[in-house]
Amino acid sequence: MTTCSYVVIPADGAAEALTQRLAALPGCDVARARNRDVLLLVTETSGPEEDQALRTVLERTNGVRALVLTFGETGPI
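Residues numbered from 1 in each chain as written. Predicted model: local features only at pLDDT ≥ 70, side-chain atom pairs only at ≥ 80, totals over all residues. Heavy atoms only, no water.

**Remarks on the overall build of the protein**
Of the regular secondary structure elements, the protein holds two helices and four strands. Ordered by position from the N terminus, the helices and strands of the protein form the series β-α-β-β-α-β. Computed over C-alpha atoms, the radius of gyration of the protein comes to 12 Å, within 12% of the 11 Å expected from 2.2 N^0.38 for 77 residues, which places it in the range of a compact globule. Judged by the C-alpha coordinates and their principal axes, the protein covers about 40 × 20 × 20 Å. In the protein, which comprises 77 residues, the proportion classed as buried is 30%. In the protein, once contacts between residues fewer than 6 apart in sequence are set aside, the share between residues at least 24 apart is 68%. Carbon and sulfur atoms make up 53% of the accessible area of the protein, which totals about 4800 Å². Measuring between centres, the 7 positive side-chain charges of the protein sit 10 Å from its 10 negative side-chain charges. (Helix = DSSP H or I, 4+ residues; strand = E, 2+ residues; numbered from the N terminus. Rg over C-alpha atoms; globule rule 2.2 N^0.38 Å. Buried < 20%, exposed > 50% of the residue type's maximum accessible area, 1.4 Å probe, protein only. Contact = heavy atoms within 4.5 Å. Areas by Shrake-Rupley, 256 points an atom, 1.4 Å probe, with all protein chains shown as cover. Lys, Arg positive; Asp, Glu negative; His and termini not counted. Charge placed at Lys NZ, Arg CZ, Asp CG, Glu CD.)

**Comments concerning the sheet that holds strand S1 (residues 2-10)**
The strand order S2-S3-S1-S4 describes an open sheet built from four strands, whose pairing is antiparallel. Edge positions in the sheet fall to strand S2 (28-32) and strand S4 (64-74), since each of these pairs with one other strand and no more. Across the sheet, the mean angle from the axis of one strand to that of its neighbour is 20 degrees, orientation sign disregarded. When S2 meets strand S3 (residues 39-45), the two strands line up antiparallel, connected through five bridges. Of the residues in S3, the one forming a bridge with Asp29 is Val42. Of the strands in this sheet, S1, S2, S3 and S4 are in contact with helix H1 (residues 15-23), which crosses S2 at around 160 degrees. (Pairing = 2+ DSSP bridges. Axes fitted to C-alpha atoms, helices over the stretch in contact; angles between N-to-C directions.)

In C-alpha cells, the structure reads:
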C-alpha cells in the first residue's frame, strides 16, 4: 500500500472545480483550505506502479498549477 499527501496549488479561479475533479479520482481524498486557494490531497494506491500512474494523472489534471509531494510511504501490500 502506498500513501502520499500533496499540497496542490490550483490555477487562478480553478480551486472549486479542481477540488471536485480530484475528489472523483479513485483513492483520492481532498480538502480545501478555508482562507486560501490551496488544496491538501491524500492518495492511497496498491503499490508503486499504481502510485506513479496516479501521479501522472494528477500532474496532467486541468487546473493544477503546482503539485508538491509532502509525504510518501510505501508499505507491504
